[in-house]
Structures are given as structure tokens and as C-alpha cells.
Amino acid sequence: MKRFEGKVALITGAGSGIGRAAALRLASEGARVFCVDLSAPDVEETKAQIEAAGGRAEAHACDVSDEAAVRACVQACVDVCGRIDHLSNMAGILRFDHFHEIALADFRRIVEVNLYGTFLMCREAIPHLLATKGNIVNAASTSALAGLPWGGAYSASKGAVLAMTRTLAVEYGRAGLRANCVCPGDIATPMSKAPRMPKGADFSWMARCSSLNGPMGPEVVAGVIAMLASGDGAHINGEDIRVDGATLS
Ligand code: NAP
């Protein structure tokens, strides 16, 4: 049984990691996936992988923090695919700094991509999602639920994504639109591999934020996104689902 036959999914961050895994998963279950990322070659590669597996995909390069570009991106999805049933906001950036050393420009850029990017995509897609009684899955993080040393800007952006998503759930739930978050932790992707740590940071602290059984691949998050995006998640709205294999924090 294909849960997304006839459905269109717009996925940001689809050129890498969790976004790419979600694009492949939803396509494997019948969705036509509109793959969005900063890098055109990266989303073209995702589209190629989907097509090689017999699925349908489009590739679109877009900076999710650019208002005009996001508006054009959502319109392009509707023009090409005719509708939007699901939006996954997986585009994101991370950097570690001692909190007292965070440059305003760096804090601002993380919020621009992680929060404003999610806001802009949701705002532009919601009229189309209301038409299809569709749904949204946003990438929050375990750092929205517990402290992440040196992740001050990142945690702030992800906590705000979580709060914003809960608001979407109650504001549009009666109109049939659902919005949920995944809170990944310790997922092996380019973002999490060998992060640049600030000088003097004791990386062993991170053990408390790490999965009890070590990192897992992005497919484990993609499976949860697929559940939330499908009818199997029909009664789940405004939730945040940890996908971190349990941590000590
Ligand atoms: P990833 O492999 O780095 O993928 C993120 C993608 O977003 C990259 O392709 C990146 O492009 C793209 N991106 C960055 N800025 C963008 C922009 N302005 N516009 C459009 N796309 C942009 O990371 P991931 O681990 O899959 O992360 C996916 C989401 O899960 C993120 O929101 C992340 O914060 C969240 N998350 C991940 C983990 C984890 O353990 N991996 C844990 C908690 C939360 P470039 O590579 O060109 O920058």
C-alpha cells in the first residue's frame, strides 16, 4: 500500500541528510516530491536518486531565508505539481560558540535560516495546504527541549520553531491542517559530523546529549516524518516527537 499516491510533498533541506532521506521515503510511498535546497546540484542529485528508484521528483534551488525566493518556490511547486499536500521544513544550519562570544550576525543568520525560513515556507504554503487538508512537519531539535552547550543561537531558533508549530496546530487544526515537529538528536548527517567546536570546549560534555546507543542514520527520522505526513498521523497535531534514541539529558 502506498500512503502518498497522488500526493505532492514539498521538502526543504532535501539536498542532504534528513531532508533527502524524507524525500526518498515519501517518494518511495508514491508522493511526487518537490525537493528544495540551497544547492542546485544537491537537489538534482536527490531528484536523480528518486527517479532511479522509480519515483517522481522535481528539484528547485532556494534560500529559505529569502522571502521573494520562498514565495516563488511555493508558486513553482503549485505550478508544476498542481497542489501541495505536505510540507517538511528540514533546511537548517548549526554552529557552536561560547554563548558570551556569539556574534550578532551569526545569531541572526541561524535564526534567519532555521526560524524565518520555516516561517516563510509555512506562510506561503498554508493557503495551498488548507485546500488539500494537508500537513506540515518542521525540524525542531532535542535542543529545543533540553540545553545544548554552545548551541545558544541554534537552541533559540529551534525552541521558537516548536512554539510556532504548536500555534499553527491550534490555529488551523479545525480547518483540517495539522502541524507537528520532529526533534532529532544524534542523527548522522553532514550537519552532525565533526562539528567545529569553540576553543576550550570540553566535547565530552556532549555525551549527555548523545544517543545511548550511538548515532543512527537519517532514515529513522524520515520514517517518523512519513508517519506524521500520512493518514497514520491523522490524530497527531501540535506534537513534538523526539527521535534521539534516548539521552541522559
Ligand atoms: P544537513 O545534512 O546539513 O541538511 C540541511 C540542509 O539544509 C543542507 O542541505 C543545507 O545546505 C540546507 N540549507 C542550509 N541553509 C539553507 C538555506 N538558507 N536555504 C535552503 N537550504 C538550506 O542537516 P540534517 O542533519 O539533515 O538536518 C536537517 C534538519 O534537522 C535541520 O533543521 C537540523 O537543524 C535538524 N536537526 C538535525 C539533527 C541531527 O542530529 N542531524 C538534530 C536535531 C535537529 P548546505 O549543506 O548547502 O548548507
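Coordinates for the structure precede this section.
Treat the numbers as computed from the prediction; the structure is a model and nothing was measured.

Calculation criteria
- Residues numbered from 1 in each chain as written.
- Predicted model: local features only at pLDDT ≥ 70, side-chain atom pairs only at ≥ 80, totals over all residues.
- Heavy atoms only, no water.
- Helix = DSSP H or I, 4+ residues; strand = E, 2+ residues; numbered from the N terminus.
- Near = heavy atom within 4 Å.
- Polar contact = N/O pair within 3.5 Å; in protein donor to acceptor, adjacent residues only side chain to side chain.
- Areas by Shrake-Rupley, 256 points an atom, 1.4 Å probe, with all protein chains shown as cover.
- 1 Å grid on protein atoms, 1.4 Å probe; cavity = no way out; pocket = protein on both sides within 12 Å on 5 of 7 lines; lining within 4 Å.
- Sits in = over half its atoms within 2 Å of the grid points.
- Nonpolar A, V, L, I, M, F, W, Y, C, P; charged D, E, K, R; others polar.
- Expected span 1.5 Å × (residues − 1).
- Contact = heavy atoms within 4.5 Å.
- Points joined across faces, edges and corners; volume = space filled by probe spheres on them.
- Pairing = 2+ DSSP bridges.
- Core = buried A, V, L, I, M, F, W, Y, C linked by side-chain atoms within 4.5 Å.
- Buried < 20%, exposed > 50% of the residue type's maximum accessible area, 1.4 Å probe, protein only.
- Salt bridge = Lys/Arg side-chain N within 4 Å of Asp/Glu carboxyl O.

### What to know about unusual backbone geometry
Residues apart from glycine generally show negative phi values, whereas peptide bonds are mostly found in trans. Its identity is not glycine, yet W150 carries a phi of approximately 70°, on the positive side. Along the chain, W150 turns up in the loop between β5 (135-139) and α5 (152-172). A positive phi angle, near 75°, is found at A246, a position not held by glycine. Structurally, A246 can be placed in the segment after β7 (240-243).

### Let's talk about the site of the ligand
Taken together, 26 residues are adjacent to the ligand, and S16, I18, D37, Y154 and T189 come closest. D186 places a main-chain nitrogen or oxygen 3.4 Å from an oxygen atom of the ligand. Within the side chain of T189, one N or O atom sits 2.5 Å away from an oxygen atom of the ligand. Summarising the interface, the protein chains cover 88% of the accessible area of the ligand, which totals 880 Å² for the free molecule. Spatially, the ligand is embedded in the largest pocket. Residue assignment for the shell around the ligand shows that the elements contributing at least two residues are α1 (17-28), α4 (104-132) and α5. Of the residues assigned to the shell around the ligand, the class counts are 15 nonpolar, 6 polar and 5 charged.

### Notes on helix α3 (residues 67-81)
Counted at 1.5 Å a residue, the expected span for α3 with its 15 residues is 21 Å, and the 21 Å between its end C-alpha atoms agrees. For α3, the secondary structure elements touched by its buried residues are β1 (8-12), β2 (32-37), β3 (56-61) and α4. One side-chain oxygen of the residue at the start of α3 lies 3.1 Å from the amide nitrogen of A68, identifying that residue as D66. Of the residues flanking the end of α3, it is G82, one or two places downstream, whose phi is positive at about 90°.

### Observations concerning the layout of surface pockets
Remark: the empty space left among the atoms is shown by a probe the size of a water molecule rolled over them. Each pocket or cavity is described by its volume, and for the largest pocket that value is around 1100 Å³. In terms of lining residues, the largest pocket is bounded by 50 residues, among which L94, Y154, T189, M191 and S192 are the most central. Elements with a minimum of two residues in the lining of the largest pocket: α1, β2, α4 and α5. Taken together, the residues that form the lining of the largest pocket break down as 26 nonpolar, 16 polar and 8 charged. Computed from the structure, the second largest pocket encloses a volume of approximately 250 Å³. Grouping the amino acids of the lining of the second largest pocket by side-chain chemistry returns 6 nonpolar, 5 polar and 5 charged.

### Notes on the environment of R56
On the secondary structure map, R56 appears in strand β3. In the structure, R56 is positioned 116 residues away from Y172 in sequence and 29 Å away in space, judged by C-alpha atoms.

### Side note on the pairing of β3
Judged from the 6 bridges that link them, β2 and β3 form a sheet pairing that is parallel. From the neighbouring strand, R32 faces β3, where its bridge partner is R56.

### Quick word on the nonpolar core
I11, L26, V33, C35, V182 and I225 are the most contacted members of the largest nonpolar core, which has 29 residues in total. Counting residues per element, the ones that place at least two in this core are β1, α1, β2, α2 (40-52), β5 and α6 (219-229). Apart from the residues lying within four places of it in its own chain, the contact partners of V182 are M90, V137, N138, A139, A140, S141, V221, V224, I225, L228 and I241. Membership of the second largest hydrophobic core comes to 27 residues, among which are V64, V70, A76 and V78.

### Quick notes on the pattern of salt bridges
This structure, assessed with the given rule, holds 17 salt bridges. The closest approach of N and O atoms between D63 and R109, which form a salt bridge, is 3.3 Å. You can see D63 sitting in the loop between β3 and α3 and its partner R109 sitting in helix α4, a full 46 residues away along the chain. On the basis of relative accessibility, which here comes to 26%, the residue D63 falls in the partly exposed class. Among the charged side chains, a network of salt bridges with common partners joins R3, R25, E29 and D232.

### Focus on the environment of K199
Mapped onto the elements of the fold, K199 is located in the loop between β6 (178-184) and α6. Sequence separation of K199 and G134 is 65 residues, and the distance between their C-alpha atoms is 45 Å.

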